[in-house]
Each structure stands twice: as C-alpha cells, then as structure tokens.
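# Structural overview
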Amino acid sequence: MNNVLDLSFAEFTSSIEELGESSFRADQIWRWLWQKRCLDFSEMTNLSKGLREKLGSLYALQRPKVQVVKKSRDGTIKFLLRLVDQELIETVLIPEKDHYTQCISSQVGCALGCTFCSTGQMGFKRNMTPGEILGQVLVGLSYLENEESSLPLRNVVFMGMGEPLLNWPRVRQSLEVLRDPRGLNFSYRRVTVSTVGIPDKLKEFAASGLASLAVSLHAPDQKLRSRIMPRAAALVSVDELVRMLGSLPLRPRQRITIEYILIGGVNDEIKQARDLNRLLSHLKGKINLIALNPSPEIGYLQPDQKRILAFERYLWDKGQTVHLRKSKGCDIQAACGQLRNAKVQQ
Ligand code: SAH
Ligand code: SF4
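The structure displayed is predicted, hence computed values, not measured ones. (Residues numbered from 1 in each chain as written. Chains lettered and ligands numbered in written order. Predicted model: local features only at pLDDT ≥ 70, side-chain atom pairs only at ≥ 80, totals over all residues. Heavy atoms only, no water.)

### Considerations on the overall build of the protein
On a plain count of helices and strands, the protein comes out with 13 helices and twelve strands. Here the C-alpha radius of gyration of the protein, 21 Å, is about what a compact globule of 346 residues would show, namely 20 Å. C-alpha extents for the protein along the principal axes are approximately 70 × 45 × 35 Å. Contacts in the protein between residues far apart in sequence, at least 24 positions, make up 66% of those at least 6 positions apart. Of the accessible surface of the protein, which amounts to about 15700 Å², a share of 49% is contributed by carbon and sulfur atoms. With 48 positive and 36 negative side-chain charges, the protein shows a separation of 4 Å between the mean positions of the two kinds. (Helix = DSSP H or I, 4+ residues; strand = E, 2+ residues; numbered from the N terminus. Rg over C-alpha atoms; globule rule 2.2 N^0.38 Å. Contact = heavy atoms within 4.5 Å. Areas by Shrake-Rupley, 256 points an atom, 1.4 Å probe, with all protein chains shown as cover. Lys, Arg positive; Asp, Glu negative; His and termini not counted. Charge placed at Lys NZ, Arg CZ, Asp CG, Glu CD.)

### Here's the deal with the site of ligand 2
In the vicinity of ligand 2, the contacting residues are Cys 110, Leu 112, Gly 113, Cys 114, Phe 116, Cys 117, Gly 120, Gly 162 and Val 196. Grouping the amino acids of the shell around ligand 2 by side-chain chemistry returns six nonpolar, three polar and no charged. (Near = heavy atom within 4 Å. Nonpolar A, V, L, I, M, F, W, Y, C, P; charged D, E, K, R; others polar.)

### Details of the site of ligand 1
Taken together, 18 residues lie around ligand 1, and Gly 162, Ser 194, Ser 216, His 218 and Asn 293 are the ones closest in. Between Asn 293 and ligand 1, the recorded distance is 2.8 Å, taken from a backbone N or O atom to a nitrogen atom. Against a free-state accessible area of 530 Å², the protein chains account for coverage of 92% of ligand 1. Elements represented by at least two residues in the shell around ligand 1 include exactly strand S8 (191-195) and strand S10 (256-262). (Polar contact = N/O pair within 3.5 Å; in protein donor to acceptor, adjacent residues only side chain to side chain.)

### With respect to the nonpolar core
Formed by 102 residues in total, the largest nonpolar core has its most connected members in Phe 116, Leu 175 and Leu 245. Here the element with the most residues in this core is helix H5 (residues 130-146); it accounts for seven residues. Two domains each donate at least three residues to this core, and these are domain 1 (2-60) and domain 2 (65-332). Setting aside its immediate chain neighbours within four residues, Leu 175 contacts Phe 158, Trp 168, Val 191, Val 193, Phe 205, Leu 210 and Ala 211. (Core = buried A, V, L, I, M, F, W, Y, C linked by side-chain atoms within 4.5 Å. Buried < 20%, exposed > 50% of the residue type's maximum accessible area, 1.4 Å probe, protein only. Domains from an automatic or database assignment.)

### Describing the sheet that holds strand S12 (residues 322-325)
With mixed pairing, the ten strands of this open sheet are ordered in space as S1-S2-S3-S4-S7-S8-S9-S10-S11-S12. If you trace the sheet from one side to the other, it starts and ends with strand S1 (65-71) and S12, each paired once. Looking at each pair of strands side by side, their axes are set apart by 25° on average, direction ignored. (Pairing = 2+ DSSP bridges. Axes fitted to C-alpha atoms, helices over the stretch in contact; angles between N-to-C directions.)

### Observations concerning the pattern of salt bridges
Under the definition given, this model contains 18 salt bridges. Glu 132 is the salt-bridge partner of Arg 126, the closest N and O atoms lying 3.0 Å from each other. The burial state of Arg 126 is the same as that of Glu 132; both residues are buried. One salt bridge connects Lys 271 with Asp 275, and the closest N-O pair in it is separated by 2.8 Å. A residue pair is termed a helical-turn pair when its members lie 3 or 4 positions apart in one helix, as Lys 271 and Asp 275 do in helix H11 (residues 270-279) at four residues. Residues participating in the shared-partner salt-bridge network are Asp 27, Arg 31, Asp 180 and Arg 182. (Salt bridge = Lys/Arg side-chain N within 4 Å of Asp/Glu carboxyl O.)

### Looking at the side chain of Gln 254
Along the polypeptide, Gln 254 turns up in the loop between helix H10 (238-246) and S10. Beyond its immediate sequence surroundings of up to four residues, Gln 254 is in contact with Tyr 188, Ala 211, Ser 212 and Leu 213.

### Some remarks on the pairing of strand S3 (residues 88-95)
With eight of eight residues buried, S3 lies mostly within the body of the structure. Burial along S3 is two-sided: the residues Leu 88, Glu 90, Val 92 and Ile 94 and Ile 89, Thr 91, Leu 93 and Pro 95 are all buried. Taken together, the six bridges between strand S2 (residues 77-82) and S3 define a ladder with antiparallel strand orientation. Looking at S3, one finds that Leu 81 is bridged to Ile 89. Count of turn residues in the S2/S3 antiparallel hairpin: five residues, of which Gln 86 carries a positive phi of about 75°. Bridge count between S3 and strand S4 (residues 100-103): four bridges; the pairing is antiparallel.

Quick look at the structure:
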C-alpha cells in the first residue's frame, strides 16, 4: 500500500476527486496530515466515517520508526530512524538561541564517497522517498511538541545523509510540501539544501526558488578537492563550479553559503585561506567554517584551535563574511552517518 506522505498535493487532490469528493476535502485532509500531524486516518474527526475508512484502505500513513534517540550534553538530539525496508537513517535537532534547526537525510548512504564523511564510507543504498524525507520532520516536530516548554523548530537543513541533488525529483517534492502553507509552512529562507554541486541540477534548484543553497567546497583548488572528495570533484572543476554559482538566478539579497570543513594538516593553512579568498572574491556568498567532526572510520583530525581561528581571522580581514560553526553533539556522534555506522557495527 502506498504511503500517503509520498504523494504531492496535486496527486493527492486527484485521488480524492476520483473518490467523488471535492478538492476542498483534499485541502482539509492535507492539513490533518502535515499540520495536525495525525498518525491515523481515524483521527480526522471532521471527515465522514466512510471516507476515513476508504482512505485507510487505500493508503498507509507511515513515518520512519524511531530506533534510538540520543541527547547530547549540549542539547543536540539525534534520532536513528528505521525505514520500511529496515534501512537506518539519521536526523538531528540542533538547539540554537531561540529555536531548533533540524538536519535531515535525503538518501540512504551516498555514492560520492567523500573521504572525511561517514556516510560516504558506507556507499549508496537507495534514494529516500518524499514521505521518508518529510517523515523525519514530522518525527522532530512531534518530539518537540511532547517536550515541555521546548523551543520551536524553525529551520530545516538537508545536511544529513546523502546528496540531495542526486535525488532531485523527490527532494523537490519534499521542498514543495515544506513550503506549502497547507503543508509544513516553512518559508524558503528557513530551508537550506547543502550540495557538493551537481552541475545539471544546480540551475534547476536555484530556479525553483524553494530553498536556500549551501555548497560544500572544502578545498580552494581542484587538486586538493580531488584528493578529499574525488567523485564530487570529477563532476566539475572548482573554478567552473564557482563560475556557475556566480551565474545562478538568485533572489535579490540571497547569498550562497560556502561550506568549508577544516581538516587538520590538509586544508587549514593560511595559504589555503588566501586561495579561498581569491577564488570567492567575486561571489556573493558567505563562508561557513566547520571544524571536522572526527570519527573512527575516517583518518582525519581536527585542526587545533589556534589554526582554526587564524584561518577565520584571515578571511575576516579580507572582508569575507565568515562564520565559525561549532560542531555540536560530538559526544553522540552527530556528524552525518556517524551514529548509523556505530550502530551497524555493534
Ligand atoms: N551531500 C551534501 C549534504 C550532506 S553532507 C553535501 O555534502 O553537502 C552535509 C555537510 O556535512 C557537508 O558540508 C559535509 O561536507 C559535512 N560533513 C561530512 N562529514 C563531516 C565531518 N566528519 N565533520 C564535519 N562535517 C562533515
Ligand atoms: Fe555524500 Fe555529502 Fe558525505 Fe560527500 S559529504 S559523501 S556528498 S553526504
């Protein structure tokens, strides 16, 4: 039986109309699903019993199952979720000053195999469906709603397992439901898709206007990028990628986030900060520096704090907008793929 959460609003509306109901009903049921977050059709009390039963016989209403919840000392909450075919994926709630940001996965595993990434090390299993992608947000929202005086969930970032632009049609549908006022009602500013930069999908994504864009660069030149993220680097050269980013159709004042993980002794020298500044000199972007989140299956280390600060300082002095992001949840293996790998190896 199909999961109703996998349908787009248009698909759902036509299926409701086929049952002889008006499109207004589709609207109503959509709100029950995404806003009231029903777990069963029987809870949709303003529908006739007959319609509720019919829906229950046509569709499953299925969220990923919570396998493990871990709360870190810094407040980060990590969920290991089980999908219908028993595959495990991860999502994380990250506390900020006055809200949570949820980091969600888009694929089981990832085909790109970046050398610093736990998800990359497990290889690609399969794409996640829209219902599975958004099911993570429903799990996060329900969890927070059951916590007393919890902060609200305000942002969603596609920075969990997988490369979202290699699952574009399903990610696109998820973004549509995320934004839909009858759906989860997040504005594009509060949703960010992170990608290594898949050339033929970048334009389509930007033109959709459905979310903000973050690009995982991690190296200022092609040689180094090829070493640490070989498959992503083979898709497009660093120079070409930055040129493409410069020509994307963005909203006025929209800025692309450039992500740069600092890896000890690999990409953290001042020379590399200089090259990065030069590479990005014409781009309307902002740089997020993130200290590597180390884990046993990857052989890299975090740079020491002095080097991290010197790298940031250099870019700052050159006039770049640069933020140093703390890796949160280190004690619960919160970087993407780490908890799953730890669990699978037990
Ligand atoms: N595939 C997409 C989105 C998922 S990864 C991408 O690569 O952008 C989300 C972010 O987590 C990326 O910037 C990725 O480089 C980063 N990441 C992966 N492994 C990490 C680690 N060990 N420590 C810190 N960040 C990591
Ligand atoms: Fe895939 Fe992103 Fe991990 Fe690279 S960093 S292997 S693209 S999930």
